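# Structural description and commentary
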Amino acid sequence: MTASAAAPTIAQALAAARTLGLDRIDAQWLLGHVLQQPSAWLISHDDQPLVAATAQAYAALCRRRADGEPLAYLVGQAGFHGLTLQVTPDVLVPRPDTETLVDWALDLLPTLAAAQPQVADLGTGSGAIALAVAHRHPAAEVLATDLSPAALAVAQTNARALGLALHWAQGAWWQAVPAGARFHLVLSNPPYIASGDPHLPALRHEPMLALTPGGDGLDALRQIIAGAPGHLHPGGWLLLEHGWDQADAVAALLAAAGFQAIGHRADLGGHPRCTGGRREGPNKG
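As the structure is a prediction and not an experimental result, all values here were calculated from the model.

### With respect to the nonpolar core
Judged by nonpolar contacts, the single largest core of 30 residues is most densely connected at Val142, Leu166, Leu185, Leu187 and Leu239. Put simply, the parts of the chain that give this core at least two residues each are strand E2 (83–86), helix H6 (99–108), helix H7 (128–136), strand E4 (141–146), strand E6 (183–188) and strand E7 (232–241). Ranked by the residues each element gives to this core, the list is headed by H7, at seven residues. Once residues within four sequence positions are removed from consideration, leucine 166 is found in contact with Ala130, Leu131, Ala134, Val142 and Ala144. In this structure, Leu211, Leu218, Ile224 and Ile225 belong to the second largest nonpolar core, which totals 28 residues.

Given below as structure tokens:
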């Protein structure tokens, strides 16, 4: 889509976006973002011409979207579990499938023998998981960690915008957790894509550190599982997101680490997306 001497109308700008391969919803989202108007307004004003600066800004965003840049980065936000989160290229775009992990956590929290359950989200990124849990289960005391200071800054900005008070720590997996800290529930959506996975090139705009640990994709999951028993109260739970074909491998790692009641939760496509287990012993609060 190129700027022309004659200002395009809203309808013409949207049609030009479609010629670049953008779907209708993305084209409307981007133009609505530039104009700060909802889709319904665009439809009812589709004969209105765009000023040159607006048309050029919209054309630039459309080219970036056509190149595969996530819509969330272009508009600066994404929805997750009913929350609107700021999203930047420093963090992964929250996926609907990750809501499966949050739903499982919310099912478990009322069953724990703790009035104020201690929860940790390792590798929080935008804060999506930690913030959704804190929002839906206010009694939980949540620690969110990330190796990336830039990612933690995004998560903290989201927490302030939502009025949610969390604890924060910077570092890799258990290294970020205070010595002796114990939790009733630990959650993580770590990098799990194998280094040769054919999907990685399409994700080139997102932080590779948050997508793949290299090798077979299981290294981060191995580290989290290995350290979990020493950071869980007896009866505490570890819930993990992983690749669609990694459920058996993750379950085997959990079993080898002594976890019980190992189970899975399926994502929106019906694939086993999350695997979790309970540390041996009753939950003593």
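On we go from here.
### A word on the pattern of salt bridges
If you walk through the whole model with that rule in mind, you get eight salt bridges. Close ionic contact of aspartate 216 with arginine 222 constitutes a salt bridge, the shortest N to O distance being 2.6 Å. Here arginine 222 ties to aspartate 219 by a salt bridge, and the two come within 2.7 Å at their closest N and O atoms. With arginine 222 and aspartate 219 both in helix H9 (residues 219–227) and three residues apart, the pair spans about one turn of that helix. The class for arginine 222 is partly exposed, based on a relative accessible area of 33%. Each of Asp216, Asp219 and Arg222 takes part in one network of salt bridges that share partners.

### A short note on unusual backbone geometry
The phi torsion of most residues other than glycine is negative, and most of the peptide bonds are trans. Of note in the backbone geometry, tryptophan 173 takes a positive phi value of approximately 45° without being a glycine. Within the secondary structure layout, tryptophan 173 lies in the loop between strand E5 (167–170) and E6. Judged by relative accessible area, tryptophan 173 falls into the buried class, the value being 15%. One non-glycine residue, alanine 261, lies in positive phi territory at about 50°. For alanine 261, the position within the fold is in strand E8 (residues 260–266).

Conventions we followed
- Residues numbered from 1 in each chain as written.
- Predicted model: local features only at pLDDT ≥ 70, side-chain atom pairs only at ≥ 80, totals over all residues.
- Heavy atoms only, no water.
- Core = buried A, V, L, I, M, F, W, Y, C linked by side-chain atoms within 4.5 Å.
- Buried < 20%, exposed > 50% of the residue type's maximum accessible area, 1.4 Å probe, protein only.
- Helix = DSSP H or I, 4+ residues; strand = E, 2+ residues; numbered from the N terminus.
- Contact = heavy atoms within 4.5 Å.
- Salt bridge = Lys/Arg side-chain N within 4 Å of Asp/Glu carboxyl O.

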